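Below are the chains, spelled out letter by letter.
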Amino acid sequence: ARERFPASAMSSSCCGCFAGLQQRSSSRTVTKGGAGLVDLSPRNKLADEVPSEARPRVGSWASPVPYSPLPWASWQREDIDAQSPGGFEFGLMVLEGEDAHTTGEAGAGSQTSSPHGNNLERRRRLRELDLEAQRLDRAGKMLAGKPRTAGTGPGFCNEQLFASPGTLPRPMTGSERERVQQDLVRKVLKELPSGMPFAERVARVPRRLITLRGPHGQSFRRQLLRGAVIVFFSAGYEGKRFIFERAHALGVQVVLIDDPASWSRSLLDEGKIAKYIPVDMSQSSDVVYNAALEAIMGLQDDPAVGPPDGIATFVELSVQTAARLAETLGLPGPLPESVDLARDKHQTRATMAAAGLPTPPNHLILSAKDLPLAARKVGFPAVLKPVSGAASLGVKKVSTERELLTTYEELDNELRSLVVSSGALVKDDGSGTGAAASGIIGVAFLLERYLDGAEVDVDVIMSEGEWQYAAVSDNGPTLEPYFNETWAVSPSLLPRLQQVALKELAIGAVKALGFQDGIFHVECKYTSIGPHLIEVNARMGGGPVYETNRRCWNTDLVEETLFIAAGLPSRPDVPREPLECIANSDINTLKSGRLADLSFLEPLRDREGVISFSPHVSAGEQVVGPLDGLPTWLTELVVTRPTPREALDYLLMLEAEVQERVRLT
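Keep in mind it's a predicted model, so treat the numbers as computed, not measured. (Residues numbered from 1 in each chain as written. Predicted model: local features only at pLDDT ≥ 70, side-chain atom pairs only at ≥ 80, totals over all residues. Heavy atoms only, no water.)

*Asks:* What is the right way to look at the sheet that holds strand 14 (residues 454-463) in this model?
*Replies:* Either a parallel or an antiparallel arrangement is found when strands of a sheet pair, and the pairing is made through backbone hydrogen bonds. If you walk across this open sheet you meet the eight strands as 18-17-14-15-16-19-23-21, and the pairing is antiparallel. Each end of this open sheet is capped by a strand with a single partner; those strands are strand 18 (530-537) and strand 21 (610-615). On average, each strand axis in the sheet is tilted by 20 degrees relative to the strand beside it, whichever way the strands run. Bridge count for strand 14 against strand 17 (residues 518-527) is nine bridges, and the pairing is antiparallel. Bridged to valine 458 within strand 17 is valine 522. Of the strands in this sheet, strand 14, strand 15 (466-475), strand 16 (487-490), strand 17, strand 19 (581-588) and strand 21 are in contact with helix 17 (residues 545-553), which crosses strand 15 at around 105 degrees. Along the sheet, helix 18 (residues 557-565) contacts strand 14 and strand 17; its crossing angle with strand 17, the most-contacted strand, is approximately 125 degrees. (Pairing = 2+ DSSP bridges. Helix = DSSP H or I, 4+ residues; strand = E, 2+ residues; numbered from the N terminus. Axes fitted to C-alpha atoms, helices over the stretch in contact; angles between N-to-C directions. Contact = heavy atoms within 4.5 Å.)

Now the structure itself:
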């Protein structure tokens, strides 16, 4: 039993526990001045400004950041009451009636008491406590703003027990805290000697500043990153030029390893990178790896560059090599086995199942002899895909065992005809450039159960073993049976609970694969039986993914990739609400033929809300429609509007205008 006593029995130096008060359903709230208790619960309706799941189509979204005290994921509370010097007010719960009755011993001196007498005694003591709290409150107000002297006031323990926080100074407001952080960041940066190597600068900085959230923390990490030497293994296609321009703007010394014939060699002449190391990418992987490793180790003796601080890549086919280089050199990076698991879709499925995460029936196919067993195990409809492919190439839906056999032969021949050029999978044009894709991505296939439902992308940032960002974007229905992408919109239009479930699955998949740090483009579906994983890409997503996250959630995935590559923590400065709503599309060709011209781009020129458009084709080029194979993308289009619904509707309207003007011969 707990000992209970009136406030008058407590000395001013007593810091004992205040026990015996229990809140019941019919209790009455008594606070200073008669005001009610402040509801600090995340369910406070006054604080929940984000539309609920009952209105999913007007802009409901799941927060892209963790650890938020409020539903919309602000990093800190806004000033609740700028007029009140004490901030939140707390009160006592005075119990009445039968709810005031509790089991336990009676007050001191009582031998036997009736339940009615016990209730009266408890109510009397609670009333004494309430009166004492009011007296302390009046004393605190009388002394507010006056200097305290020893022996005056109600005493520390009484204040903290009955009127917490009492006469303590009020907490800083958000703006005051930001000013203090800004001054501290400036002070530390000013004290760092100029020209100091990156690793030494980081070692001399207090960790609490490196992990600081908000704009000042992000600015501080950018300042630390300046001058860091980061090796990029392969550049990818020319559309990734913006990555190197961004790295250059951040003051990073980029050392680029790529094929001698790559477009990226021009970046050295443009001053965007510090050094270019040519390596013949048509050689086997082990030869390329050893050549790259030797070249990186040689940077130690290069006075123009110096030893590397990190390894990075934005190319799917290069993530395994980059991970092994980082591990061998003792630099930050993902475990190679984790990257291997992510690249192998069959191993990804096995890892998901072992972790208790949802996994559809699937079967590995190494040759045509495996098809009958795969069909019996998986059933139909199903999806046949390369175990380690990319960009939806070689992926097709099948509905019968006969269709499975013909599709297997079709996709096997298709993959053997592809080559890898500048990190991208393309059809062999007979020029002799590029390496055979079959020697890189293999010819093993995975047959898995077809997943229905809405497809999404979840862009995840992991740092120091925990997720720091996970933003959900909707994907439009793919052009089956080839699963070519159509449109995307951010923030998601799905109900918030579905978004949260998809985020949890994406984060769980990344963790199950063993990743601690990195940027991940995770593809999922919310099916009729819940969320399911499609695949995990252990790098930033391609196409408009960078621009979408930057414009919508103020999150620069190139910047965060470079932070993590250099060993800095990632703490993106994410707003409470999306800055912009973005929709994008890779407009597919609807019919096969030869393009007469590019006049279909005219409706996009100088249109309000059009952020960018970039054609994928040239006049006179042969294009393929969905009835004849994997559709050809005509152009990439990115638009913005006030809400995600409006952005998507506007995108689809413009796409219809484009399709009307496509001329084939």
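Don't stop here, the text continues.
*Asks:* How should I be thinking about the sheet that holds strand 3 (residues 229-233) in this particular structure?
*Replies:* Sheet architecture is open: four strands sit in the order 5-4-3-6, paired in parallel fashion. Of all the strands in the sheet, just strand 5 (275-278) and strand 6 (310-312) have a single pairing partner and so form its edges. On average, each strand axis in the sheet is tilted by 20 degrees relative to the strand beside it, whichever way the strands run. With five bridges joining them, strand 3 and strand 4 (residues 253-258) adopt parallel strand pairing. Considered in strand 4, the bridge of isoleucine 230 is made with valine 254.

*Asks:* What is the right way to read the packing of helix 9 (residues 285-297) against helix 10 (residues 319-329) from this model?
*Replies:* How two helices sit against one another is set out by the angle between their axes and by the gap between those axes. Helix 10 packs onto helix 9 with a crossing angle of 45 degrees between their chain directions and a minimal axis gap of 11 Å. Relative to helix 10, the element helix 9 lies oblique. With respect to the hand of their crossing, helix 9 and helix 10 are arranged in right-handed fashion. Here helix 9 contributes Tyr289, Ala292, Leu293, Ile296 and Met297 to the contact with helix 10, which in turn contributes Thr321, Arg324, Leu325, Thr328 and Leu329. Per-class residue counts for the contact of helix 9 with helix 10 are seven nonpolar, two polar and one charged. (Parallel < 35°, antiparallel > 145°, perpendicular 65-115°, else oblique. Left-handed = near helix turned anticlockwise from the far one by under 90°. Nonpolar A, V, L, I, M, F, W, Y, C, P; charged D, E, K, R; others polar.)

*Asks:* Help me understand helix 10, please; the structure alone is not making it clear to me.
*Replies:* Since there are 3.6 residues in each turn of an α-helix, residues three or four apart along the chain are aligned in direction. Residues Val319, Thr321, Ala322, Ala323, Leu325 and Ala326 constitute the buried set of helix 10. Residues of helix 10 that are buried sit in contact with strand 3, helix 9, strand 6 and helix 11 (336-343). Downstream of helix 10 by one or two residues, glycine 330 has phi in the positive range, about 70 degrees. (Buried < 20%, exposed > 50% of the residue type's maximum accessible area, 1.4 Å probe, protein only.)

*Asks:* Explanation requested: the pattern of salt bridges in the structure shown.
*Replies:* For side chains of opposite charge, pairing can occur when their charged atoms come near one another. Tallied over the full model, the rule gives 26 salt bridges. Between glutamate 480 and lysine 397 there is a salt bridge, with its nearest N and O atoms 3.3 Å apart. In this pair, glutamate 480 is assigned in the loop between strand 15 and strand 16 and lysine 397 in strand 9 (residues 396-398), connecting sequence segments 83 residues apart. Residue classification places glutamate 480 among the partly exposed residues on the basis of a relative accessible area of 34%. With relative accessibility at 19%, the residue lysine 397 sits in the buried group. The partner of arginine 605 in a salt bridge is glutamate 602, and the shortest N-O contact between them spans 3.0 Å. (Salt bridge = Lys/Arg side-chain N within 4 Å of Asp/Glu carboxyl O.)

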